[in-house]
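# Summary of structural features
Letter by letter, the chains look like this.
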Amino acid sequence: MSSPNPSSAPNPTTVVPARPGLIPLLVAVTIGILVSVGLGVYGRLHEPTFYAISLAGFSSGTAVKAWLATVAFVLALVQLGSAMVMFGRFPRIAAPSWIGGLHRWSGRIAVLVTVPVAVHCLYALGFQAGEPRVLVHSLFGCFFYGAFVAKMLVLSGRNMPKFALPVVGGAVFTGVTALWLTAALWFLTTSGLTF
């Protein structure tokens, strides 16, 4: 009987690499979670100023926030539709050459529109849990920006798993939808479509 070939024997010190892209994805998600938690902790510990943003032509700071959030939600719908076209989810619709630009710019504008709303909510009101709607809104506010950071990291990462971008993109869409439902839609249905 011959001795086994040493080159064919498994090496007990060999480390089996993780699936390609899984570590960068976990790093992106971890950073997103840290952003979410950091915003929540800041919002909870910060003493609210109750100073409202206001723009000429609007009746109140709350009206400004509701309409800016509505613009962001409409742009999020554009993001969802353009992503579905780009990734072939509508088989009978060929992706036009301009769809990528529409997707990028609608996302950029949506995030820019949310910034004054987020700054006002975080600085003037803080993280509040006085009633269920407000608690859900506070939680989703933190979640949205954490998911957004994770999405930006996934976009700039290399060798990410194929499921990563749709999942984090879906998380961003879920966050902005929940924010709109728990604040802007609530305001517009209780106060009317006022400016």
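Worth saying up front: this structure is predicted, and the values here are computed from it rather than measured. (Residues numbered from 1 in each chain as written. Predicted model: local features only at pLDDT ≥ 70, side-chain atom pairs only at ≥ 80, totals over all residues. Heavy atoms only, no water.)

## A few points about the overall build of the chain
The helix and strand tally for the chain stands at five helices and zero strands. Reading the chain from its N end, one meets helices and strands in the order α-α-α-α-α. Here the chain holds 195 residues, and 34% of them are scored as buried. The long-range fraction of contacts in the chain, counting pairs at least 24 apart against all pairs at least 6 apart in sequence, stands at 75%. Accessible surface for the chain amounts to roughly 12,300 Å². Of this, 72% is attributable to carbon and sulfur atoms. (Helix = DSSP H or I, 4+ residues; strand = E, 2+ residues; numbered from the N terminus. Buried < 20%, exposed > 50% of the residue type's maximum accessible area, 1.4 Å probe, protein only. Contact = heavy atoms within 4.5 Å. Areas by Shrake-Rupley, 256 points an atom, 1.4 Å probe, with all protein chains shown as cover.)

## With respect to the side chain of serine 36
Following the sequence through the fold, serine 36 ends up in helix 1 (residues 22-45). If we skip the residues at most four places from it in the chain, serine 36 touches Cys142, Phe143 and Gly146.

## Some thoughts on helix 5 (residues 164-191)
Between its first and last C-alpha, helix 5 extends 39 Å over 28 residues, near the 40 Å set by a 1.5 Å rise per residue. Taking the largest bend as the criterion, helix 5 deviates by roughly 40 degrees, centred on leucine 181. (Expected span 1.5 Å × (residues − 1). Bend = angle between axes of the 7 residues up to and from the residue.)

## Looking at unusual backbone geometry
Excluding glycine, residues mostly have negative phi values, and the peptide bonds linking residues are mostly trans. With phi around 55 degrees, asparagine 159 is a residue other than glycine that occupies positive phi space. Secondary-structure assignment places asparagine 159 in the loop between helix 4 (132-156) and helix 5.

## Digging into a nonpolar patch on the surface
On the surface, a nonpolar cluster with roughly 450 Å² of combined accessible area is contributed by Val29, Ile33, Val37, Val41 and Leu45. Mapped onto the fold, leucine 45 is located in helix 1. Taking the relative accessible area as the measure of exposure, leucine 45 reaches 70% and is therefore exposed. (Patch = residues over 30% accessible without salt bridge, like charges linked within 9 Å, V, L, I, M, F, W, Y side chains within 5 Å. Salt bridge = Lys/Arg side-chain N within 4 Å of Asp/Glu carboxyl O.)

Function-wise, these values are silent; they only describe arrangement.
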